[in-house]
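# Structure at a glance
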Amino acid sequence: MWKIHVELPDGYPYKSPSIGFMNKIFHPNIDEVSGSVCLDVINQTWSPMFDMINIFEVFMPQLLRYPNAADPLNGEAAALLMRDPKAYEQKVKDYVTRFATREALEEDGGDDSDEEEEEEDDDPHDYSAGEEDAAGMEL
């Protein structure tokens, strides 16, 4: 389960939102410390025609499935992906287990409320990815 911080600027939708992961993720295009996301469509080619649904249903899943090691924010992740894809995949799975499971979030004190989350499970606009989704993504 990934927690993502979204900040909409005053000029939204004419100015792009700021997107960042709140829990640690090992990915070439995501800064491991700040969680900032390097995604061209958000940082450079943003258009008011895009909306949050585009970000969470198209752009972010593509970024997570198809990392761009040629334009990294996390040099270690990019180097490992290019040098040893199997080791990269294992490290991603390790990060999912350590930082993106319900248990990891509860230990970290980051789980808001079970009741609130149960209500969100039926929400068609809930864009959180569970650990099964994240661990099963092809890298």
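The rules we used
- Residues numbered from 1 in each chain as written.
- Predicted model: local features only at pLDDT ≥ 70, side-chain atom pairs only at ≥ 80, totals over all residues.
- Heavy atoms only, no water.
- Salt bridge = Lys/Arg side-chain N within 4 Å of Asp/Glu carboxyl O.
- Helix = DSSP H or I, 4+ residues; strand = E, 2+ residues; numbered from the N terminus.
- Core = buried A, V, L, I, M, F, W, Y, C linked by side-chain atoms within 4.5 Å.
- Buried < 20%, exposed > 50% of the residue type's maximum accessible area, 1.4 Å probe, protein only.
- Contact = heavy atoms within 4.5 Å.
- Phe/Tyr/Trp six-rings, centres within 6.5 Å; stacked < 30°, edge-to-face > 60°.
- Expected span 1.5 Å × (residues − 1).
- Bend = angle between axes of the 7 residues up to and from the residue.
- Axes fitted to C-alpha atoms, helices over the stretch in contact; angles between N-to-C directions.
- Parallel < 35°, antiparallel > 145°, perpendicular 65-115°, else oblique.
- Nonpolar A, V, L, I, M, F, W, Y, C, P; charged D, E, K, R; others polar.
- Patch = residues over 30% accessible without salt bridge, like charges linked within 9 Å, V, L, I, M, F, W, Y side chains within 5 Å.
- Areas by Shrake-Rupley, 256 points an atom, 1.4 Å probe, with all protein chains shown as cover.
- Lys, Arg positive; Asp, Glu negative; His and termini not counted.
- Charge placed at Lys NZ, Arg CZ, Asp CG, Glu CD.

### Considering the pattern of salt bridges
For the structure on display, the rule yields three salt bridges. Linking Glu89 and Lys93 is a salt bridge whose minimum nitrogen-to-oxygen distance equals 3.3 Å. In this pair, Glu89 and Lys93 are both assigned in helix H4 (residues 85-99), four residues apart and thus about one turn of the helix distant.

### Thoughts on the nonpolar core
Counting residues in each nonpolar core, the largest one holds 19 residues, and the members touching the most others are Ile19, Phe21, Ile30, Val37, Leu39, Ile55 and Met60. Those elements giving two or more residues to this core turn out to be strand E2 (18-21), helix H1 (40-43) and helix H2 (52-65). The element that contributes the greatest number of residues to this core is H2, accounting for seven residues. Look past the residues within four positions of Val37 in its chain and what remains in contact with it is Ile19, Gly20, Phe21, Asn29, Ile30, Asn43, Met60, Leu63 and Leu73. One finds Phe26, Ala78, Tyr88 and Val92 within the second-largest nonpolar core, a separate group that totals nine residues.

### Some thoughts on unusual backbone geometry
Tyr12 connects to Pro13 through a cis peptide bond whose omega is 15°. Mapping Pro13 onto the fold places it in the loop between strand E1 (4-7) and E2.

### A short note on the packing of aromatic side chains
A complete count under the given rule lists seven aromatic pairs for this structure. Consider the rings of Tyr12 and Trp46, whose centres lie 6.2 Å apart with planes at 40°: the pair is tilted. You can see Tyr12 sitting in the loop between E1 and E2 and its partner Trp46 sitting in the loop between H1 and H2, a full 34 residues away along the chain. Through a chain of ring-to-ring contacts, the aromatic side chains of Tyr12, Trp46, Phe50 and Phe59 assemble into a single cluster.

### Some words on H2
Here H2 is 14 residues long and its end C-alpha atoms lie 19 Å apart, about the 20 Å a rise of 1.5 Å per residue gives. For H2, the principal kink sits at Phe59 and spans about 30°; a proline, Pro61, occurs within the next four residues. Among the residues of H2, Met52, Ile55, Phe56, Phe59, Met60, Pro61, Leu63 and Leu64 are the ones counted as buried. Those residues of H2 hidden inside the fold are in contact with E1, E2 and H1.

### Focus: the packing of helix H3 (residues 75-83) against H4
Relative orientation of the contacting elements H3 and H4 amounts to 135°, with a least axis distance of 5 Å. The angle between the axes of H3 and H4 places the two elements in the oblique class. Only Pro85, Ala87, Tyr88 and Lys91 of H4 make contact with H3, whose side of the interface consists of Glu76, Ala77, Leu80, Leu81 and Arg83. Residues that form the contact of H3 with H4 fall into these classes: six nonpolar, no polar and three charged.

### Overview of a negative patch on the surface
Taken together, the side chains of Glu103, Glu106, Glu107 and Asp108 define an acidic patch exposed on the protein surface. For Glu106, the location among the structural elements is in helix H5 (residues 102-108).

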